[in-house]
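Each chain, letter by letter, is given below.
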Amino acid sequence: MVTVRLAHETDFAGFRHAARRLAAHAVPPADVVWRVGEAAGDLLSADEPLPPPIAAERELRVPRLFVPLAEAVVCHSSPDRFALLYRILTRFFVEPRLLQIATDPDVSAARRMEKSIGRDVHKMHAFVRFRAVPTDEGERFVAWFEPEHFIEERAAPFFRDRFAPMHWTILTPRVAIVWDTETLAFGPGGRREDVPGEDATEDLWRTYYANIFNPARLKVKAMTAEMPKKYWRNLPEAALIPSLIAGAERRAAGMIAAAPTLPPAYHDRIRIRDGERIEAMADTEATDLDRVREEAAGCRRCPLYANATQTVFGEGPQAADVMFVGEQPGDREDLVGRPFVGPAGQVFDEAVTEAGIDRARCYVTNAVKHFKFEPRGKRRLHKKPNGGEIEACRWWLAKEITLVQPRLIVGLGGTALQSLLDRPVKITEMRGQFLEFRDGLTVFATVHPSFLLRLPDPEMKRLERARFVDDLKRVAERIAEMAA
Ligand code: URA
């Protein structure tokens, strides 16, 4: 029997080091005991000498997709997680394509753990509420949160980026995450009592929540599924929920009575033509994404809202594995209120279908959610969004990514990639690459479908379209690998 001592609950480096050694010596998974946080010493302690190393021709080849999976799984609270990962690892000797067998019990257990880690990280991002604490050196912010799994290190960069100018600490039973505006540090955890009670920011939260609460969209079951009651005691706005629910019917009736005036005739005609699909969307259960979509409808983060008809938010299933990101809505999208339904959308639809991708299973959105244009007579000519507009709108794209948690994002063109990678990029240099993104996400770079529309030469158009479909076929292959 071999005992492996890992330094801490999420010691991925320690696991990898030990697992490689054990696999190289062909130690069977059943002969390994994984322990966490015990007295320092040799990583491995074996009752008997390790067997001799195995022959070089049986060298272990680990699929690339295993690494992000294992990085997520080590954060799970199951005590069996390291044994499961090592078992999967040793099976790669004889089953190199194991990860593609979704029904395999080990693979599906690991995928389930990965999903619940994603959900737990999302809950932490959504439900941490800071309390202000005045100190001699200025205001400090403290929050208490109890995650289900060991996700603190994984969730922390989001708070660092989002609350960069604030000094804050998030305390959990296991870890204190501390940000001093420059460095992210991790210390020992604490107790709920260590975090002060009410402060002035609580009132702000309550006012905000009461204002964004839409009584017409109230679905109590969906709401409690998304915001489980166990988080309520840390949420100042939770105290309002019972009274908001109680008054929802009355407020919804008031909203119907005060319905807005009719949209312009052209807009109306398009709505009638697309009516069935719009109705179908309105019928779906309210989810987090619906709530963010509603918030985005009133977005004033940059001046583009002033001339556009409406915010064009992303659409598609919240559980989609793949997200397509375009540049900004065009003339038609602005009127209909949905992404990629105009001429570029038609090129996109035909190309994805030819590549074997089902658009209905993907989440489709844009880097910028309002149409930017220049009036030319009766026409509205597309104008490229600038860096500030892309930056302002990244707020919404980041929310969509956090909520959908796609495993692959396809950036269509330079603006999408600039927003995703947070820097200007040359599409010619990136095209066709799968780029590693934060939190184990992969971004694939290709051109925007409107590039094909702009090509004047028919032969060139045909060739470039074929290249675009080839790119999408590679995406389709990756989707199949992920589903396998
Ligand atoms: N171009 C885009 O980038 N997005 C759309 O939705 C339409 C055209």
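Here the structure is shown first, and the text comes after it.
Residues numbered from 1 in each chain as written. Predicted model: local features only at pLDDT ≥ 70, side-chain atom pairs only at ≥ 80, totals over all residues. Heavy atoms only, no water.

**Let's talk about the overall build of the chain**
For the chain, the count of helices and strands is 18 helices and 15 strands. A buried classification covers 45% of the 484 residues belonging to the chain. Looking at the chain as shown, the accessible area adds up to about 24,900 Å², and 55% of this sits on carbon and sulfur atoms. (Helix = DSSP H or I, 4+ residues; strand = E, 2+ residues; numbered from the N terminus. Buried < 20%, exposed > 50% of the residue type's maximum accessible area, 1.4 Å probe, protein only. Areas by Shrake-Rupley, 256 points an atom, 1.4 Å probe, with all protein chains shown as cover.)

**A short note on the packing of aromatic side chains**
Using the criterion set out here, one finds 16 aromatic pairs in the structure. Cluster of aromatic residues (ring-pair linked, three or more members): F130, F158, F159, F163 and W168. The residue whose ring lies beneath K369 is F313, and the NZ or CZ to ring-centre distance is 5.8 Å. The positively charged end of R478 is found above the aromatic ring belonging to F434, 4.1 Å away from the centroid. (Phe/Tyr/Trp six-rings, centres within 6.5 Å; stacked < 30°, edge-to-face > 60°. Lys NZ or Arg CZ within 6 Å of the ring centre and 35° of its normal.)

**Here we look at helix α5 (residues 152–162)**
Think of an α-helix as 3.6 residues a turn; residues three or four steps apart then line up on the same face. Among all positions in α5, only E152, A155, A156 and F159 are buried. Within α5, the buried residues cover an arc of 120 degrees as seen down the axis, which keeps them to one side. Contact partners of the buried residues in α5: α4 (105–127), β6 (168–171), β7 (175–179) and β8 (184–188). (Arc of directions from axis to C-beta. Contact = heavy atoms within 4.5 Å.)

**Let's talk about the sheet that holds strand β3 (residues 44–46)**
Taken together, three strands build an open sheet; the order of strands is β2-β1-β3 and the sheet is mixed. Two strands bound the open sheet, and with one partner strand each, they are β2 (32–36) and β3. Neighbour-to-neighbour, the strand axes of this sheet turn through a mean angle of 20 degrees, independent of strand direction. Taken strand by strand, helix α3 (residues 81–91) contacts β1 (2–6) and β2, and its axis lies near 140 degrees from that of β2. (Pairing = 2+ DSSP bridges. Axes fitted to C-alpha atoms, helices over the stretch in contact; angles between N-to-C directions.)

**Focus on the site of the ligand**
In the vicinity of the ligand, the contacting residues are G326, E327, Q328, P329, G330, E333, P339, F340, A344, N366 and H448. Taking Q328, its main chain carries an N or O atom lying 3.0 Å from a nitrogen atom of the ligand. One of the side-chain N or O atoms of H448 is found 2.6 Å from an oxygen atom in the ligand. Here the ligand has 230 Å² of accessible area as a free molecule, and 93% of this is covered by the chains. Tallied by class, residues from the shell around the ligand come to four nonpolar, five polar and two charged. (Near = heavy atom within 4 Å. Polar contact = N/O pair within 3.5 Å; in protein donor to acceptor, adjacent residues only side chain to side chain. Nonpolar A, V, L, I, M, F, W, Y, C, P; charged D, E, K, R; others polar.)

**Considering helix α14 (residues 387–404)**
Its 18 residues give α14 an end-to-end C-alpha distance of 25 Å, which sits within 8% of 26 Å, the value for a rise of 1.5 Å per residue. At R394, α14 shows its maximal bend, which comes to roughly 35 degrees. Of the positions making up α14, those classed as buried are E389, I390, A392, C393, R394, W396, L397, E400, I401, L403 and V404. Buried positions along α14 lie against α4, α11 (288–297), β9 (322–326), β10 (363–366), β13 (408–412) and α15 (414–421). Backbone geometry just after α14 places Q405 at a positive phi near 50 degrees. (Expected span 1.5 Å × (residues − 1). Bend = angle between axes of the 7 residues up to and from the residue.)

**Concerning the pairing of β6**
Direction of pairing for strand β5 (residues 138–144) relative to β6: parallel, over a ladder of four bridges. Within β6, the position partnered with F141 by the bridge is W168. With respect to chirality, the unit in which β5 leads through α5 into the neighbouring parallel β6 is right-handed. Both β6 and β7 contribute to a ladder of four bridges, which runs antiparallel. Paired with L171 across the two strands is A176, which belongs to β7. Counting the residues between successive antiparallel strands, the hairpin from β6 to β7 contains three residues. (Right-handed = clockwise from strand over helix to strand, strands pointing away.)

**Some details on the nonpolar core**
Residues V4, L22, W34, F66, Y86, M124 and I170 are the most contacted members of the largest nonpolar core, which totals 54 residues. The dominant element in this core, judged by the number of residues it contributes, is α4, at eight residues. Per-domain counts for this core show at least three residues from each of domain 1 (2–122) and domain 2 (128–194). Excluding residues that lie within four positions of it along the chain, W34 makes contacts with V4, L6, F15, A18, A19, L22, F82, A83 and Y86. Formed by 33 residues, the second largest nonpolar core is a distinct cluster that contains C302, F313, V404 and L435. (Core = buried A, V, L, I, M, F, W, Y, C linked by side-chain atoms within 4.5 Å. Domains from an automatic or database assignment.)

**A look at the environment of P49**
Tracing the chain through its elements places P49 in the loop between β3 and α2 (66–73). Judged by relative accessible area, P49 falls into the exposed class, the value being 76%. Sequence separation between P49 and V2 is 47 residues, and the spatial gap between their C-alpha atoms is 9.2 Å.

By themselves, these are just geometric observations and shouldn't be taken as functional.
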